[in-house]
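Descriptive analysis of the structure
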Amino acid sequence: ELRDDNEYEDIVDDVRGEVSKYGTVKSLVIPRPPGNSSVGKIFIEYEAPAMAQAAANALRGRQFGGRAVVTTFYDEGKFAAKD
């Protein structure tokens, strides 16, 4: 699904719609194959830490695309550097 441009855009739209419920999304990154070690992860940057915490609490354990959502926080410097 991530390889097909139309499917990818649908996924991005679905995710953005869901995560926007918890605050203002500054950026949303969904890595695509091939050769990307982060495939299967979604990176969301919120305007404020409290928004990110609210999303993490609400989404943890939910199902998306048949998979359980696991939430963690990623280093802001690494995210900014696209690492």
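Relevant structure appears above.
Conventions and cut-offs
Residues numbered from 1 in each chain as written. Predicted model: local features only at pLDDT ≥ 70, side-chain atom pairs only at ≥ 80, totals over all residues. Heavy atoms only, no water. Phe/Tyr/Trp six-rings, centres within 6.5 Å; stacked < 30°, edge-to-face > 60°. Helix = DSSP H or I, 4+ residues; strand = E, 2+ residues; numbered from the N terminus. Buried < 20%, exposed > 50% of the residue type's maximum accessible area, 1.4 Å probe, protein only. Lys NZ or Arg CZ within 6 Å of the ring centre and 35° of its normal. 1 Å grid on protein atoms, 1.4 Å probe; cavity = no way out; pocket = protein on both sides within 12 Å on 5 of 7 lines; lining within 4 Å. Points joined across faces, edges and corners; volume = space filled by probe spheres on them. Nonpolar A, V, L, I, M, F, W, Y, C, P; charged D, E, K, R; others polar.

1. Examining the packing of aromatic side chains
Aromatic ring pairs are reported here in terms of the distance separating the ring centres and the angle at which the planes meet. For the coordinates displayed, the defined rule picks out two aromatic pairs. Relative to Tyr 74, the ring of Phe 43 lies with its centre 5.3 Å away and its plane at 70°, an arrangement referred to as edge-to-face. Taken together, the positions of Phe 43 in strand β2 (residues 43-46) and Tyr 74 in the loop between β4 (67-68) and α3 (76-80) put the pair 31 residues apart, joining distant regions of the chain. Assessed through its relative accessible area of 16%, Phe 43 is described here as buried. Ring centres of Phe 43 and Phe 79 lie 6.4 Å apart, and the angle between their planes is 40°; on these two criteria the pair is classed as tilted. With a gap of 36 residues between them, Phe 43 in strand β2 and Phe 79 in helix α3 connect regions that are remote in the sequence. Judged by relative accessible area, Phe 79 falls into the partly exposed class, the value being 21%. Through a chain of ring-to-ring contacts, the aromatic side chains of Phe 43, Tyr 74 and Phe 79 assemble into a single cluster. A cation sits over an aromatic face here: Arg 32 above Tyr 8, 4.1 Å from the ring centre.

2. Some thoughts on the layout of surface pockets
Over the atoms a probe the size of a water molecule is rolled, and this reveals where empty space is left. Counted as a void, the largest pocket has a volume near 1700 Å³. As for the largest pocket, its lining consists of 45 residues, of which Lys 41, Ile 42, Phe 43, Ile 44 and Val 70 are closest to the centre. Mapped by element, the contributors of at least two residues to the lining of the largest pocket are α1 (5-19), β1 (25-29), β2, α2 (49-59), β3 (63-64), β4 and α3. By residue number, the principal contributor to the lining of the largest pocket is α2, which donates five residues. In the lining of the largest pocket, the residues fall into 26 nonpolar, seven polar and twelve charged.

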